[in-house]
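Geometric and topological summary
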Amino acid sequence: MGDLRVGLIGTGFIAKQKHLPAWRKLGKIAQIVALCDPNVAQAEELARVNGIPNVYKDFQRMLETERLDAVDICSPPRTHADLAVHSLKAGAHTLIEKPMAINTGECDRIVAAARETGRKICVAHSDLFYPSFLKAREMVKAGTIGEFRGMRIFLSTPVDYITSKPDHWAHKLPGGVIGETGPHVIYMTLAFINPIRGVRIEARKQLAQFPWSPYEDYRLDLIGDETSCSVALTYATNRWAVQLDLWGSEGHMKFDLETQTLLIHGRSDLKPITLGLSAVKEASQMLGGAIDTSLSYVTGKFQNTHERLIREFVNSIRNGSPTPVPPEEGREAVRVMDLLVSQLPSSAT
C-alpha cells in the first residue's frame, strides 16, 4: 500500500496538540490532506500553520471530495458514531478518540459498519502506550510481583482544563466531566482486570462557583471476578497527576505516567535491615528512571503515546494486522462507563 491520505475531523485541543503532531512524525507514510470542523476559521488557521491543503466545514463533503484512506475523529463524543459510520462507508479506516461513543448501542453501530465495509477501527486509548504502562503490563504478565491481586489509580485534572469553562462540551456528557477522562481509568483497569463485573461510584460537588459542573470529585470501585481497582478522580485542584499502584502476592509496583518512573518493592518483613534495603532499592529505581526519561527527552528519542498509537494504527492498515486498540476494547470501556453513570442521580446525566 502506498502513502495514506488522511482526513482529520475536529481541530480543537486534542487534534492540535496530540493527533496532528503524531501524524506529522510519520512523514510521507501517511499525510493529513484535509481538515474538517464547523469552526472553519479555526480549521483554516491550523491548516495554514501545518501546510494542509484542504479545509471543510461539512464532513460529508470532505468524504465525497477527497479519496481518503483513513479518517481521524477528534470531535466531541456525541458526534463519534455518525462520523465513524459515514467514514467507514466511504471506505476509510477510522481512528476514534476516546470514548468510542456515548453508549454501547452507538458502538455496535460502528462495529456493524466496519464489518459491512471491511474497514478497520482503532480507538485512541492512548494511556496504554506510555512506556511505564507497557513495561508494567509485561512485568505483571511475567509474574514479577507474583499473582496479581489488585490495583489503585489516582488522576488529577486541573480546574482550568475543563471545570472552570462553562461552555466545555464535557459538562454535557453523562455524569459530567468524568465522561471525558473517566474512560482513561477504565481502559487502564481493563488492561489488568477483565472483565469488570460490577461498579460502585460516589461523586461530590466541591466547587460551588462552577454551577455548570455536576461534580468535581469521584470515587470508583471497578470489580472483577477475583480482583478490583479503586479509583480517585479529582477535578478540583490546580495540578496534573496520573499515578497507579499494582500489587501481587510477592510485591508492589508503583508508577507515574507523567514522569515515567516505575518502582517495585516487596517487603517480606518490617525488620530495620529489610526497610533500609528497600529504601535504597527504591531510590536507585527512582534515580535510574528519572535519568532515562530525561535523556529520552533531551535526545529527542521520547515517543509520546499518540505517536506510538497512530504509528501502530498505520502499520495495521499497511500490513493487514489488527489495530492496536480494537473496537471491542472501546466498546467494553463504554459499557463500564454506562454502568458507572447509571448509579449517579439522574439530574446529573
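These lines cover the structure that appears in this document, whether it is placed above or below. Being a predicted model, the structure only gives us computed values, none of them experimental.

**A short note on the layout of surface pockets**
In this model, the largest pocket occupies a volume close to 1,200 Å³. Residue lining of the largest pocket: 49 residues in total, with F13, I14, K18, Y161 and E180 positioned closest to the centre. Of all the secondary-structure elements, those providing two or more residues to the lining of the largest pocket are α1 (13–25), α4 (80–89), β7 (148–156), α7 (178–190), β11 (241–248) and α9 (305–319). Residue composition of the lining of the largest pocket, by class: 22 nonpolar, 17 polar and 10 charged.

**A few points about a nonpolar patch on the surface**
A contiguous nonpolar surface patch, about 290 Å² in accessible area, is contributed by L287, I291 and L295. Relative to the helices and strands, L287 is located in helix α8 (residues 272–298).

**Looking at the sheet that holds strand β12 (residues 251–256)**
The seven strands are arranged β8-β9-β10-β7-β11-β12-β13 in an open sheet whose pairing can be described as mixed. Two strands bound the open sheet, and with one partner strand each, they are β8 (198–204) and β13 (262–265). The sheet shows a mean angle of 10 degrees between the axes of neighbouring strands, direction not considered. In this fold helix α6 (residues 131–141) packs onto β7, β11, β12 and β13, with an angle of close to 165 degrees to the strand it touches most, β12. Across the sheet, helix α10 (residues 327–342) lies against β8 and β9 (217–223), angled at about 55 degrees from β8, the strand it touches most.

**Here we look at the pattern of salt bridges**
Within this structure, the stated rule accounts for 17 salt bridges. The partner of K25 in a salt bridge is E307, and the shortest N-O contact between them spans 2.9 Å. Placement of the pair is K25 in helix α1 and E307 in helix α9, with a sequence separation of 282 residues. Exposure remark for K25: the relative accessible area of 52% places this residue in the exposed category. When the shortest N-O distance is used, the salt bridge between R335 and E332 registers 2.6 Å. Of this pair, R335 and E332 are both found in helix α10, three residues apart, which corresponds to roughly one turn of the helix. Note on R335: relative accessible area 24%, which makes it partly exposed. Residue E332 is classed as buried on the basis of its relative accessible area of 17%. Each member of the salt-bridge network shares a partner with another, and the members are E202, R204, D217 and R219.

**Quick notes on unusual backbone geometry**
Across the junction of K98 and P99, the peptide omega takes the value -10 degrees, indicating a cis bond. Tracing the backbone shows P99 in the loop between β5 (93–97) and α5 (104–117). Cis geometry is adopted by the peptide bond preceding P195, which originates at N194 and carries an omega value of 10 degrees. When you line up the elements, P195 lands in the loop between α7 and β8. Phi at Q260 is positive, roughly 70 degrees, even though this residue is not glycine. Along the chain, the position of Q260 falls in the loop between β12 and β13.

**With respect to the packing of α4 against α5**
Their axes nearest at 9 Å, the elements α4 and α5 cross at an angle of 5 degrees. Our classification of the angle between α4 and α5 gives roughly parallel. Listed contacts from α5 to H80, A81, D82, A84, V85, L88 and K89 of α4 are E106, R109, I110, A113, A114, E116 and T117. Broken down by class, the residue content of the contact of α4 with α5 amounts to seven nonpolar, two polar and five charged.

Criteria and thresholds
- Residues numbered from 1 in each chain as written.
- Predicted model: local features only at pLDDT ≥ 70, side-chain atom pairs only at ≥ 80, totals over all residues.
- Heavy atoms only, no water.
- 1 Å grid on protein atoms, 1.4 Å probe; cavity = no way out; pocket = protein on both sides within 12 Å on 5 of 7 lines; lining within 4 Å.
- Points joined across faces, edges and corners; volume = space filled by probe spheres on them.
- Helix = DSSP H or I, 4+ residues; strand = E, 2+ residues; numbered from the N terminus.
- Nonpolar A, V, L, I, M, F, W, Y, C, P; charged D, E, K, R; others polar.
- Patch = residues over 30% accessible without salt bridge, like charges linked within 9 Å, V, L, I, M, F, W, Y side chains within 5 Å.
- Areas by Shrake-Rupley, 256 points an atom, 1.4 Å probe, with all protein chains shown as cover.
- Salt bridge = Lys/Arg side-chain N within 4 Å of Asp/Glu carboxyl O.
- Pairing = 2+ DSSP bridges.
- Axes fitted to C-alpha atoms, helices over the stretch in contact; angles between N-to-C directions.
- Contact = heavy atoms within 4.5 Å.
- Buried < 20%, exposed > 50% of the residue type's maximum accessible area, 1.4 Å probe, protein only.
- Parallel < 35°, antiparallel > 145°, perpendicular 65-115°, else oblique.

Read these as geometric descriptors, not functional statements.
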